[in-house]
Amino acid sequence: MGKLILVAVLTCIVTAAFFLILGWTNWVRHYRHSRRKDYDPLLKHPTMFDVRRLLLEGEKDLALRVYRRIFRRNDQKAKEEVDQLDKSLPR
């Protein structure tokens with residue numbers, strides 16, 4: 001009976017550790033992927049300068065995400081506004 005409880009507890013600990021490691025690696029992979037072109041998704045206060053810089057670097061998808069985060073717009077409205085901003089930038 002004592003060995004059965006010990007095996008059950010160890011199984012739970014190993015399973016929990018596995019899922020913690022799996023979750024951590026997935027978060028790290030996502031974080032590294034999002035840091036393309038020096039964009040940090042954990043920026044506390046992104047600005048329009050970040051949106052402009054990303055557009056000039058050709059990272060329109062990231063610029064759209066940052067713009068939506070700044071102004072809390074829906075997808076369609078944010079896309080229209082970022083497209084207008086992209087067209088107005090000098091190339």
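The structure this text deals with has already been given above.
Trainee: Describe the overall build of the protein chain, naming the residues involved and giving the relevant values.
Mentor: When helices and strands are counted, the protein chain shows 4 helices and 0 strands. The linear arrangement of helices and strands in the protein chain, starting from the amino end, is α-α-α-α. Scored against the burial criterion, the 91 residues of the protein chain give a buried share of 24%. When contacts within the protein chain are restricted to residue pairs at least 6 apart in sequence, long-range pairs at least 24 apart make up 34% of them. Per element, the accessible surface of the protein chain, about 7400 Å² overall, is 62% carbon and sulfur.

Trainee: Requested: an account of the pattern of salt bridges, with residues and values cited.
Mentor: Within the structure shown, the criterion is met by 8 salt bridges. With its nearest N and O atoms 3.0 Å apart, the salt bridge here joins R68 to D75. Judged by its relative accessible area of 35%, R68 is partly exposed. Several salt bridges converge on common partners, so that one network encompasses K60, K79, D83 and D86.

Trainee: Got a sec to walk through helix α4 (residues 75-88)? Specific residues and values, please.
Mentor: Taking 1.5 Å of rise per residue, 14 residues should cover 20 Å, and α4 covers 20 Å from first to last C-alpha, within 8% of that figure. Looking at the buried positions of α4, the neighbouring elements they touch are α2 (48-56) and α3 (60-71).

Trainee: Could you give me a rundown of the packing of α2 against α4, with the residues and numbers involved?
Mentor: Closest axis-to-axis distance for the α2/α4 pair is 10 Å, and the angle between their directions is 65°. When the axes of α2 and α4 are compared, the pair comes out roughly perpendicular. The two elements α2 and α4 meet at a crossing, and its hand is right-handed. Contacts between α2 and α4 involve M48, V51 and L55 from the former and V82, L85 and D86 from the latter. The class makeup of the residues in the contact of α2 with α4 is 5 nonpolar, no polar and 1 charged.

So, how was this worked out
Residues numbered from 1 in each chain as written. Predicted model: local features only at pLDDT ≥ 70, side-chain atom pairs only at ≥ 80, totals over all residues. Heavy atoms only, no water. Helix = DSSP H or I, 4+ residues; strand = E, 2+ residues; numbered from the N terminus. Buried < 20%, exposed > 50% of the residue type's maximum accessible area, 1.4 Å probe, protein only. Contact = heavy atoms within 4.5 Å. Areas by Shrake-Rupley, 256 points an atom, 1.4 Å probe, with all protein chains shown as cover. Salt bridge = Lys/Arg side-chain N within 4 Å of Asp/Glu carboxyl O. Expected span 1.5 Å × (residues − 1). Axes fitted to C-alpha atoms, helices over the stretch in contact; angles between N-to-C directions. Parallel < 35°, antiparallel > 145°, perpendicular 65-115°, else oblique. Left-handed = near helix turned anticlockwise from the far one by under 90°. Nonpolar A, V, L, I, M, F, W, Y, C, P; charged D, E, K, R; others polar.

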